[in-house]
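Listed here are the chains, written in short residue letters.
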Amino acid sequence: MRKPAWLKAPIGGGAAYGELSQRIRSQKLHTVCEEAHCPNKGECWSRGVATLMILGDTCTRACAFCNVKTGRPPLTDLAEPLRIAETVANMGIRYLTLTSVDRDDLEDMGSEIWSETIRRTKLAAPGIQIEALVPDFQGRTDLLDVVLESKPDVLNHNMETVPRLQRSIRKAANWEHSMRILQHARSKGFVTKTGIMVGLGETDAEVFEFLEQMAIAKIEIVTVGQYLQPSTQNIPVDRYVDPKVFRDYAQHAIKLGIPRCESGPLVRSSWHAAETAAGVAIP
Ligand code: SF4
């Protein structure tokens, strides 16, 4: 399928881009922007914005849509939280989106490193707001609690796709575990955020239904973006959704009472996250 013109994204560049790139390389950090081949890298990095990825660059899962390296991760890098904290403090940003690979190989699934990274970053960069885009921790709310103790400002966890496609798209995850993570964070008073990609085989009716389920769960922020096949190893694109239909999704979400819905071809879970979160009241 030919990519429509509306999916063209700027290449980016400039001083902020170069500086960010240099910081990430010199501190041996990883970003989901690069690992996932995000189409917005040019635009975001030119604004000095990246989503840092912790717990290494090797994921223990192999989701059909995802380009992050999969396999047996090397030993956990215990100095990573400190390097993240120092880097973020030097970046001088007010909002950080942090994510990680899935670490099903670890007893705590990486929750301690998550917590330590958030704590250290808040200490090193006072006043910063942190959005934690967490894995599902196999639905273990005790492990999520370890992360929540470090007080992220937004708890983000992506449902990725509609219920019917969960098994084929996210082989080692499921709808129930992910909903449990979001609802647990919500029950503890955290601002919650989730998102899906379209173009994976779902119908528009299923997207509307997904939004209805998120409204019932009282999720504050929802993102909907176009899936793009990052490599030939990943599942092909099923359809390119017209920008007008993305606007219909957003209008439906607002009608349902979801406070904030970012919906568009190039929307990603962490795209303009600071501006999106500013639209809801963070306690
Ligand atoms: S949308 Fe998110 S993942 Fe993509 S480049 Fe921007 S910050 Fe990185």
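What you see is a predicted model, and the numbers here were worked out from it, not measured in a lab.

Rules used in this analysis
Along each chain, residues carry numbers from 1 onward, in the same order as the chain's sequence is written. Only residues with pLDDT of at least 70 are given local features in this predicted model, and only at 80 or more are side-chain atom pairs given and counted; all residues enter the totals for whole chains, interfaces and linings. The numbering of helices and of strands both runs from the N terminus, where a helix is a DSSP run of H or I of at least 4 residues and a strand a run of E of at least 2. Residue burial is a threshold on neighbouring C-beta atoms within 10 Å of the residue's own C-beta, all placed from the backbone, with 20 or more meaning buried, 12 or fewer meaning exposed, and counts in between meaning partly exposed. At least two bridges found by DSSP between two strands is the condition for calling them paired. We call a residue near a molecule or strand if the C-beta atom, set from the backbone, is within 6 Å of it. As a working rule, the residues Ala, Val, Leu, Ile, Met, Phe, Trp, Tyr, Cys and Pro are called nonpolar, Asp, Glu, Lys and Arg charged, and the rest polar, with Gly in that last group. For the purpose of contact definition, each residue receives a C-beta atom placed from its backbone, and two residues are in contact when these atoms lie within 7 Å. Expected span of a helix, by definition, is 1.5 Å for each gap between consecutive residues, and there is one gap fewer than residues. Throughout, the arc means the angular range of directions from the helix axis out to the C-beta atoms. Under this scheme, a helix contributes an axis fitted over its contacting stretch, all axes are lines through C-alpha atoms, and angles between N-to-C directions fall in the 0 to 180 degree range. When an angle is under 35 degrees it counts as roughly parallel; over 145 it counts as roughly antiparallel; between 65 and 115 it counts as roughly perpendicular; any other value is oblique. The sense of a crossing depends on the near helix, which, turned anticlockwise from the far helix by less than a right angle, makes the crossing left-handed and, turned clockwise, makes it right-handed.

Q: I'm lost on unusual backbone geometry in this one. Help?
A: Residues other than glycine predominantly adopt negative phi, and peptide bonds predominantly adopt the trans conformation. Phi is positive for phenylalanine 137, close to 45°, though the residue is something other than glycine. Mapped onto the elements, phenylalanine 137 comes out in the loop between β4 (129–133) and α6 (141–148). Note on phenylalanine 137: 26 C-beta atoms within 10 Å, which makes it buried. One non-glycine residue, lysine 151, lies in positive phi territory at about 60°. Here lysine 151 shows up in the loop between α6 and β5 (154–156). You can call lysine 151 partly exposed: it has 13 C-beta atoms within 10 Å.

Q: Would you mind showing me how to read the sheet that holds strand β2 (residues 51–54) here?
A: Where strands meet in a sheet, backbone hydrogen bonds hold them as pairs that are either parallel or antiparallel. Read across the sheet, eight strands follow the order β1-β2-β3-β4-β5-β6-β7-β8 without closing on themselves; strand pairing throughout is mixed. Where the open sheet ends on each side, the last strands, each with one partner, are β1 (30–31) and β8 (260–264). When strand β6 (residues 191–198) meets strand β7 (residues 221–226), the two strands line up parallel, connected through six bridges. Following the sheet pairing, valine 198 is matched in β7 by glutamine 226.

Q: Would you mind going over the site of the ligand with me for this structure?
A: Near the ligand, the surroundings consist of Val32, Cys33, Cys38, Asn40, Lys41, Cys44, Val49, Ala50, Thr51, Arg268, Ser270 and Trp271. At the level of elements, α2 (32–35) and α3 (41–46) are the ones that each hand at least two residues to the shell around the ligand. When grouped by side-chain class, the residues that make up the shell around the ligand number seven nonpolar, three polar and two charged.

Q: Even after reading the chapter, I still don't get the environment of isoleucine 113, so can you show me in this structure?
A: Position of isoleucine 113 among the secondary structure elements: in helix α5 (residues 111–124). Sequence spacing of isoleucine 113 and aspartate 77 is 36 residues, and the spatial spacing of their C-alpha atoms is 9.2 Å. Those residues in contact with isoleucine 113 that sit more than four places away from it in its chain are Ile54, Leu55, Thr76, Glu80 and Pro81.

Q: Sorry if this is basic, but what is going on with helix α9 (residues 204–216) here?
A: Counting along an α-helix, one turn takes 3.6 residues, and residues three or four places apart therefore face a common direction. For α9, with 13 residues, the first-to-last C-alpha span of 19 Å sits near the 18 Å given by 1.5 Å per residue. Among all positions of α9, only Val207, Phe210, Leu211 and Met214 are buried. Across the axial projection of α9, the buried residues extend over an arc of 100°, all falling on one side. Along α9, exposed side chains directed more than 90 degrees from the buried face belong to Ala205 and Ile216.

Q: What's the story with the packing of helix α4 (residues 80–91) against α5 in this structure? I'm lost.
A: Working note: a packed helix pair is described by the angle between its axes plus the distance between those axes. At their nearest, the axes of α4 and α5 sit 8 Å apart, and the two run at 30° to each other. Between α4 and α5, the crossing angle belongs to the class labelled roughly parallel. Both α4 and α5 take part in a crossing whose hand is right-handed. Residues Glu80, Pro81, Leu82, Ile84, Ala85, Glu86, Val88 and Ala89 of α4 form the contact with α5, whose participating residues are Ile113, Glu116, Thr117, Arg120, Thr121, Leu123 and Ala124. In the contact of α4 with α5, the residues fall into nine nonpolar, two polar and four charged.

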